Number of protein chains: 2
Amino acid sequence: MAVGNTPFPALPPLEGVRLGSAMAGIKKPNRRDVVVIELPATATVSGVFTRNAFCAAPVLVAKQHLEQCRAEQRSPRFWLVNTGNANAGTGDAGLRDARASCAELAQRAGVAVEDVLPFSTGVIGEPLPMERLLAGLSPALESMASDSAAWENAGQGILTTDTRAKGATVSLDVDGQQVTINGITKGSGMIKPNMATMLGFVVTDATIEASLLDRLLRETVDRSFNCITVDSDTSTNDACMLAATGTGPRIVDDAQITAFREALQQVMTELAQAIIRDGEGATKFITLQVDDARSRQEALDVAFTVAHSPLVKTALYASDANWGRILAAVGRAPVDDFDVNRVVIELGDVRLVEHGGRADGYTEAAGSAVMAASDITIRISLGRGDESATVWTSDLSHDYVSINADYRS
Amino acid sequence: MAVGNTPFPALPPLEGVRLGSAMAGIKKPNRRDVVVIELPATATVSGVFTRNAFCAAPVLVAKQHLEQCRAEQRSPRFWLVNTGNANAGTGDAGLRDARASCAELAQRAGVAVEDVLPFSTGVIGEPLPMERLLAGLSPALESMASDSAAWENAGQGILTTDTRAKGATVSLDVDGQQVTINGITKGSGMIKPNMATMLGFVVTDATIEASLLDRLLRETVDRSFNCITVDSDTSTNDACMLAATGTGPRIVDDAQITAFREALQQVMTELAQAIIRDGEGATKFITLQVDDARSRQEALDVAFTVAHSPLVKTALYASDANWGRILAAVGRAPVDDFDVNRVVIELGDVRLVEHGGRADGYTEAAGSAVMAASDITIRISLGRGDESATVWTSDLSHDYVSINADYRS
């Protein structure tokens, strides 16, 4: 199931960027499960990774390789992605496998092993099937191309329980020259990124110095992938990568940075929201907007407390305007000196709660009308400050349980 | 659904304690939904209440009345409980209704309004149906009795989505005299007490000074009701009450206190576990034991992170030894400087995880054999200290979603 129709957009080619994919049978036959993304030598590359203490072998290796390239003032040239197996909880053998897969691709492409960053997603705790993975490299490399079909195939080739590929593209004008940002992402369950959800690969043809690229990635991820949750479970394999190919206009001055950041934020937010729309078992797309908090963190804490409440999520699934459950979730959020009499809760444009109880004039019919839609906004004003946060989440349905009770079978 | 068979035990009469109940049609006809518990004038009474900021009107009134009785050095004489309506999120009208229901009972019983403590559980945000509630007082008062049938009817009369009444009784010998502790509780969903879950009423015939009673209640609740979770949702109406009737032996010296605390802990733990066994949609009863932590809070944080993970809970529902999900949940727990190489995870007597990955010698068959049972223990050693915590939880099933998607309909 998934909320709404979001067809994969036509992602334009970016100079020097090629994508290949293959069906290697990592977990199941006849599905695209190995993806290779090539970046030009002129690129700069930035990444953010899961904060799960049990982070997966490829996450450790990708971070090491990225650091080594940075130290040697060159850029990674390949992102190597497999789905069907997360290579997580696999100990030293997992690290050896991740490095060996990088080495094999490096050798074929004539680059150093550190120029390849590995990414894996899928079942945790199974050994990476190296023979099948390495056998998939040849067909993946043979298929390398720059066109929109190659982007869409790559989008397909990184999915796990997702029901559809997720991509976004935005162009902007920088001093008369066009700059493009393309992105693909995957993720549907185990989604509560503590940095970036699952896997995201974003490439622009702009020229951006590495430390600025790092900052832009962090800032935009904090307001996109870090503001979504399906089930509160932070994955062991989350990674979001951003590359600037260095072939297009240079992003240097404040006006350029502001314009570029805005476009990048748009791509990141579209990709993050696409994950929620395709959340496991999702039938609703929920926007939780918390305003008038003392700090952004406080606003995020309230938003995530509501977003993680199984009782709120099942009420949303039932299209039941059970505002008592929203109120109860707000009331248990970790907020000091919480004066509930100042809290206002609105469902769409219908006021549910004020003065510590049900709002005057609220009617069940008005609440139910908002709940009947597939896109629902819940706005919570805390009435104690000027800070805000927006979080996106999905509902909790029978299908979520079915998907996760059957995932390994 | 519920895990295992736990028949309601025969609770013996306690001198001076009478219980009455009635079918008042608060929410639905033909179910016991009003309960009155009378305590003797010699009793001491203690209570712990929800920390939800949106706490319900009866919680506010019960706390006020208890404080006033304490200030005037007398004891509350009645606990008045209704199910079917939580009188929460009801603002000033809710407070008036809670006080008016106490006043009506006080007038009929010839006591002061502060001698009555009100408790409500059920749907949040609907006005308390005062006419029906007050009409239920007469039949409830007429039915007042001390025998085990009266205790069982009271146990029935406080239920909401529970599938069965929950009671426990323990007797101990204090200096040659018998002391008895009886308890009843309710709760099945919206269970993540931050003090006590839902409603619990425990009465002993011992004689215990009020400040000692407070301490015994806090200590035993912290290791029972505060260590259970069904769905992470802390209710607006949680309350756990403990009364000592003052008719039996006095609990004063250290040996008496230790023996009594142990017996009280047994009653509290049995009641708390009964809630989990009857958790909404529960098919499994899960014990999460976290050892070798730096602090009890750290151990609790890890245990609750795993207990709240929808992915762990659905794997438990599926009897799937998907240890990767347990590992991922442990890895996202809020623990500083977490060295995953020291973590050991065991499922029953089967070692799942050590040295940062799957344990040597682990087999899927061994894991599956443990998962097939309805009672499952997950033990997590953090390898960094001497503190422990035990938390009990249930799985996440299709029935949980059905129950909560249909609750108001």
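A brief structural summary.

Cut-offs and rules
Residues numbered from 1 in each chain as written. Chains lettered and ligands numbered in written order. Predicted model: local features only at pLDDT ≥ 70, side-chain atom pairs only at ≥ 80, totals over all residues. Heavy atoms only, no water. Helix = DSSP H or I, 4+ residues; strand = E, 2+ residues; numbered from the N terminus. Rg over C-alpha atoms; globule rule 2.2 N^0.38 Å. Buried < 20%, exposed > 50% of the residue type's maximum accessible area, 1.4 Å probe, protein only. Contact = heavy atoms within 4.5 Å. Lys, Arg positive; Asp, Glu negative; His and termini not counted. Charge placed at Lys NZ, Arg CZ, Asp CG, Glu CD. Pairing = 2+ DSSP bridges. Patch = residues over 30% accessible without salt bridge, like charges linked within 9 Å, V, L, I, M, F, W, Y side chains within 5 Å. Areas by Shrake-Rupley, 256 points an atom, 1.4 Å probe, with all protein chains shown as cover. Salt bridge = Lys/Arg side-chain N within 4 Å of Asp/Glu carboxyl O. Axes fitted to C-alpha atoms, helices over the stretch in contact; angles between N-to-C directions. Least-squares fit on C-alpha atoms with pLDDT ≥ 70 in both. Polar contact = N/O pair within 3.5 Å; in protein donor to acceptor, adjacent residues only side chain to side chain. Expected span 1.5 Å × (residues − 1). Arc of directions from axis to C-beta.

**So, the overall build of chain A**
Phase 1: When you go through chain A residue by residue, the secondary structure sums to 11 helices and 16 strands.
Phase 2: Since a compact globule built from 409 residues should have a radius of gyration of about 22 Å, the 22 Å found for chain A is in line with a globular shape.
Phase 3: Along the longest, intermediate and shortest principal axes, the C-alpha atoms of chain A span 70 × 55 × 35 Å.
Phase 4: Classification of the 409 residues of chain A by burial places 62% in the buried group.
Phase 5: At a minimum sequence separation of 6, the contacts of chain A that also span at least 24 residues come to 81%.
Phase 6: For chain A, the centre of its 36 positive side-chain charges and the centre of its 51 negative side-chain charges are spaced 3 Å apart.

**Quick notes on the pairing of strand S4 (residues 78-85) of chain B**
Residues and elements named next belong to chain B.
Phase 1: The buried fraction of S4 amounts to eight of the eight residues, a majority that puts the element mostly inside the structure.
Phase 2: Strand direction decides the pairing type here: strand S2 (residues 34-38) and S4, joined by five bridges, are antiparallel. Paired with Val 34 across the strands is Asn 82, a residue of S4.

**Brief notes about helix H8 (residues 310-317) of chain A**
All names here are of chain A.
Phase 1: Of all eight residues in H8, seven are buried; the element is thus mostly enclosed.
Phase 2: Taken as a whole, H8 has its buried residues at Pro 310, Leu 311, Val 312, Lys 313, Thr 314, Ala 315 and Leu 316.
Phase 3: Positioned one or two residues after H8, Ser 319 has a phi angle of 55 degrees, which is positive.

**Some details on a negative patch on the surface**
All names here are of chain A.
Phase 1: A cluster of acidic side chains, namely Asp 173, Asp 175, Asp 253 and Asp 254, defines a negative patch on the protein surface.
Phase 2: Position of Asp 254 among the secondary structure elements: in helix H6 (residues 254-277).
Phase 3: We classify Asp 254 as exposed; its relative accessible area is 62%.

**Here we look at the sheet that holds strand S12 (residues 344-347) of chain A**
Residues and elements named next belong to chain A.
Phase 1: On the basis of which strands lie adjacent, the open sheet formed by seven strands has the order S9-S16-S11-S15-S12-S13-S14 and mixed pairing. Strand pairing shows two members of the sheet lacking a second neighbour, strand S9 (228-229) and strand S14 (357-358), which therefore form its edges.
Phase 2: Summarising the sheet, strand S13 (residues 350-354) and S14 pair through two bridges and their orientation is antiparallel. What sits directly across from Glu 354, in S14, is Gly 357.
Phase 3: Sitting on the sheet, helix H7 (residues 296-308) is in contact with S9, strand S11 (285-293), strand S15 (375-381) and strand S16 (387-394), with an inclination near 20 degrees to S16.

**Things to note about the side chain of Ser46(A)**
Phase 1: Locating Ser46(A) in the fold gives a position in strand S3 (residues 44-49).
Phase 2: In contact with Ser46(A), not counting residues within four places along its chain, are Leu66(A), Arg70(A), Leu213(A), Asp214(A), Leu217(A), Cys240(A), Met241(A) and Leu242(A).

**What about unusual backbone geometry?**
Phase 1: Of note, the phi angle at Asn30(A) is positive, near 60 degrees, even though the residue is not glycine.
Phase 2: Structurally, Asn30(A) can be placed in the loop between strand S1 (18-22) and strand S2 (34-38).

**Looking at the relation of the copies chain B and chain A**
Phase 1: Relative to chain A, chain B is turned by 180 degrees and slid 0.0 Å along the rotation axis, the superposed coordinates differing by an RMSD of 0.0 Å. Taken together, the turn and the small shift mark the pair as related by a two-fold rotation axis. Nearest to the rotation axis, the C-alpha of His398(B) is located 2.8 Å from it, this being the minimum over chain B.
Phase 2: Most of the interface of chain B is mirrored in chain A, where 100% of its interface residues are also at the interface.

**Observations concerning the sheet that holds strand S7 (residues 177-186) of chain B**
All names here are of chain B.
Phase 1: Here we have five strands laid out as an open sheet, ordered S3-S10-S8-S7-S6, and mixed in their pairing. Two strands lie at the open edges of the sheet, namely strand S3 (44-49) and strand S6 (166-174), each paired on one side alone. Pairs of neighbouring strands in the sheet enclose a mean axial angle of 10 degrees, with direction left out of account.
Phase 2: Here strand S8 (residues 199-204) pairs with strand S10 (residues 239-244) via six bridges, running parallel. Each bridged residue has a counterpart across the sheet, and for Val 202 the counterpart in S10 is Leu 242.
Phase 3: This element, helix H7 (residues 254-277), spans S6, S7, S8 and S10 of the sheet and lies at about 170 degrees to S6.

**Details of the side chain of His65(B)**
Residue and element names in this part refer to chain B.
Phase 1: Relative to the elements of secondary structure, His 65 occurs in helix H1 (residues 57-71).
Phase 2: A distance of 2.8 Å separates the side chain of His 65 from the backbone oxygen of Val 116, its partner in a polar contact.
Phase 3: Residues in contact with His 65, not counting those within four places in the same chain, are Cys 102, Val 113, Glu 114, Val 116 and Leu 117.

**A word on helix H2 (residues 91-109) of chain B**
All names here are of chain B.
Phase 1: With 19 residues, H2 extends 28 Å between its outermost C-alpha atoms, agreeing within 8% with the 27 Å of an ideal straight helix rising 1.5 Å per residue.
Phase 2: Within H2 the residues assigned to the buried category are Gly 94, Leu 95, Asp 97, Ala 98, Ser 101, Cys 102, Leu 105 and Ala 106. The buried residues of H2 occupy an angular sector of 170 degrees when the element is viewed end-on, so they sit on one face. In H2, the exposed residues that point more than 90 degrees away from the buried face are Asp 92, Arg 96 and Gln 107.
Phase 3: Contacts made by the buried residues of H2 are with S2, H1, S4, strand S5 (116-123), helix H3 (130-135) and helix H4 (137-142).
Phase 4: Positive backbone phi, approximately 70 degrees, marks Gly 110, located one or two places after H2.

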